[in-house]
Amino acid sequence: MDADAIPSLSRSTVDAAGHRRVDEDWLAKAWADPDSQVLVLEGGDPGSHGWQALMAKQSRALVTTGDTRGLVLTATRDAPEGERYLLGTEGGRAYFAVCSPRELLATPVAEPASLREVGAVLDDRDTGLLTRAVALANWNATHRFCPRCGARTTPAASGHVRVCEEEGTEQYPRMDPAVIMLVHRDRGGDEEVLLGNNPHWDARRFSVLAGFVDAGESLEQAVVREVAEEAGVVVERPRYLTSQPWPFPRSLMMGYTARAVGETERTDDEIAVTRWFTRPELAEAVHTGEVLLPGRVSIARTLIEHWYGAELPGGW
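Below: a short report on this structure.

The rules behind the values
- Residues numbered from 1 in each chain as written.
- Predicted model: local features only at pLDDT ≥ 70, side-chain atom pairs only at ≥ 80, totals over all residues.
- Heavy atoms only, no water.
- Helix = DSSP H or I, 4+ residues; strand = E, 2+ residues; numbered from the N terminus.
- Buried < 20%, exposed > 50% of the residue type's maximum accessible area, 1.4 Å probe, protein only.
- Salt bridge = Lys/Arg side-chain N within 4 Å of Asp/Glu carboxyl O.
- Pairing = 2+ DSSP bridges.
- Disulfide = S-S within 2.5 Å.
- Expected span 1.5 Å × (residues − 1).
- Contact = heavy atoms within 4.5 Å.
- Phe/Tyr/Trp six-rings, centres within 6.5 Å; stacked < 30°, edge-to-face > 60°.

1. Digging into the environment of serine 251
Stage number 1. Within the secondary structure layout, serine 251 lies in strand S14 (residues 251–263).
Stage number 2. With relative accessibility at 10%, the residue serine 251 sits in the buried group.
Stage number 3. On a C-alpha basis, the gap between serine 251 and arginine 239 in space is 20 Å, while along the polypeptide they are 12 residues apart.

Have a look at this one:
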């Protein structure tokens, strides 16, 4: 896999420092260190804000405006109250996130922005920090009660564990595994890619196929099943390419390519229209606006441009 096949939200320069999450002495010293920095996220109580509002707020942080976007980080002494998560270390500096109940306010040089909006334009360090912070905030906000007995849970290990107050059982961040696959075929000496349009999208929006992995299913089996269900296409030779966290709220996307070898009965209505494109046909459709591709924050765009062999304009 070449560097161009690294999805936007898979970039990071920060060491997760997992061994420091339970080191209370180190954590206290790091929080007291004036060199440490804090990423403040908008947050709130799921009971008062509602699921959709909560997810939108927790995906926002202050980001500088202008040609070069960057996270606005603060010193620990200026950080608001709220749940605190260790994001990692880099060059001897510790990075934390605080999920604050307060709304973030724009300044003359910065504005609140979501991971979806800026994940592709932030640098590697900032993208990694914001992606991890949003993932931890969303998981903590939706796991405040024990799945075994229903008692309240409290955060531990710097936001990476929640402990049941009654039984003492531990819960760890959950991810929903999903496969996302670029299907291609040879036809008359030309290679074609299969893209689909969801019935809820603008008719010009096209992307690769994707779906969640079933219980007891391998990733490769999921690729074959999802393509057959959604597009009525039989594929073989699924090949893993790359992966990307997608914390909306907790998915992990595993990117594959697969070769189409036939047709079968389509059993799912999630995709309204499927189309095959050669490379020249895709380039023409994108340049004229006939087709809108996914934005660069998505691994879908990475898979498409990796197959195409170059960057393509536009995106939604």
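What follows continues from the structure just given.
2. Structural notes on the pattern of salt bridges
Stage number 1. Scanning all chains against the criterion turns up 21 salt bridges.
Stage number 2. Arginine 20 is paired through a salt bridge with aspartate 23; the nearest N and O atoms lie 3.4 Å apart.
Stage number 3. On the basis of relative accessibility, which here comes to 26%, the residue arginine 20 falls in the partly exposed class.
Stage number 4. Between arginine 301 and glutamate 305 there is a salt bridge, and its shortest N-O distance comes to 2.8 Å. Taken together, the residues arginine 301 and glutamate 305, both in helix H8 (residues 299–308) and 4 residues apart, mark about one turn of the helix.

3. Things to note about the sheet that holds strand S7 (residues 153–156)
Stage number 1. Reading across the sheet, the 3 strands line up as S7-S8-S9 and stay open at both edges, with antiparallel pairing between neighbours. Only two strands of the sheet have a single neighbouring strand rather than two, namely S7 and strand S9 (170–171).
Stage number 2. The sheet contact formed by strand S8 (residues 161–164) and S9 spans 2 bridges and is antiparallel. Its bridge partner being in S9, arginine 162 is matched across the sheet by glutamine 171.

4. Concerning the state of the cysteines
Stage number 1. Scanning all chains against the criterion turns up 0 disulfides.
Stage number 2. Cysteine 149 takes part in no disulfide bond, and the closest cysteine sulfur, belonging to cysteine 164, lies 3.6 Å away.
Stage number 3. Of the residues examined, cysteine 164 reaches a relative accessible area of 3% and is grouped as buried.

5. Brief notes about the pairing of strand S6 (residues 110–114)
Stage number 1. Most of S6 is tucked away: 4 of the 5 residues are buried.
Stage number 2. With 5 bridges joining them, strand S2 (residues 60–64) and S6 adopt antiparallel strand pairing. Paired with valine 63 across the two strands is glutamate 111, which belongs to S6.

6. A short note on helix H6 (residues 219–231)
Stage number 1. Taking 1.5 Å of rise per residue, 13 residues should cover 18 Å, and H6 covers 18 Å from first to last C-alpha, within 8% of that figure.
Stage number 2. Inspection of H6 places Ala222, Val223, Arg225, Glu226, Val227, Ala228, Glu230 and Ala231 among the buried residues, and these make up the whole buried set.
Stage number 3. On its buried face, H6 is in contact with strand S10 (176–187), strand S11 (190–197), strand S12 (209–212), strand S13 (233–246), S14 and strand S15 (273–278).

7. Details of the pairing of S7
Stage number 1. Direction of pairing for S7 relative to S8: antiparallel, over a ladder of 4 bridges. Among the inter-strand pairings, alanine 156 is bridged to a residue of S8, identified as valine 161.
Stage number 2. Hairpin connection, S7 to S8: the antiparallel pair is bridged by 4 residues, and alanine 157 has positive phi, about 50°.

8. Observations concerning the packing of aromatic side chains
Each aromatic ring pair is described using two quantities: the centre-to-centre distance and the angle formed by the ring planes.
Stage number 1. Counted by the stated rule, this structure contains 4 aromatic pairs.
Stage number 2. Here phenylalanine 206 and phenylalanine 277 contribute two aromatic rings whose centre-to-centre distance is 6.3 Å and whose plane-to-plane angle is 80°, an arrangement assigned as edge-to-face. Here the residue phenylalanine 206 occupies a position in the loop between S11 and S12, and phenylalanine 277 occupies one in strand S15, the gap between them amounting to 71 residues. The same class applies to phenylalanine 206 as to phenylalanine 277, namely buried.
Stage number 3. Ring geometry for tyrosine 240 versus tyrosine 256: centroids 5.8 Å apart, planes at 75°, classification edge-to-face. Placement of the pair is tyrosine 240 in strand S13 and tyrosine 256 in strand S14, with a sequence separation of 16 residues.
Stage number 4. The class of tyrosine 240 is partly exposed, set by a relative accessible area of 49%.

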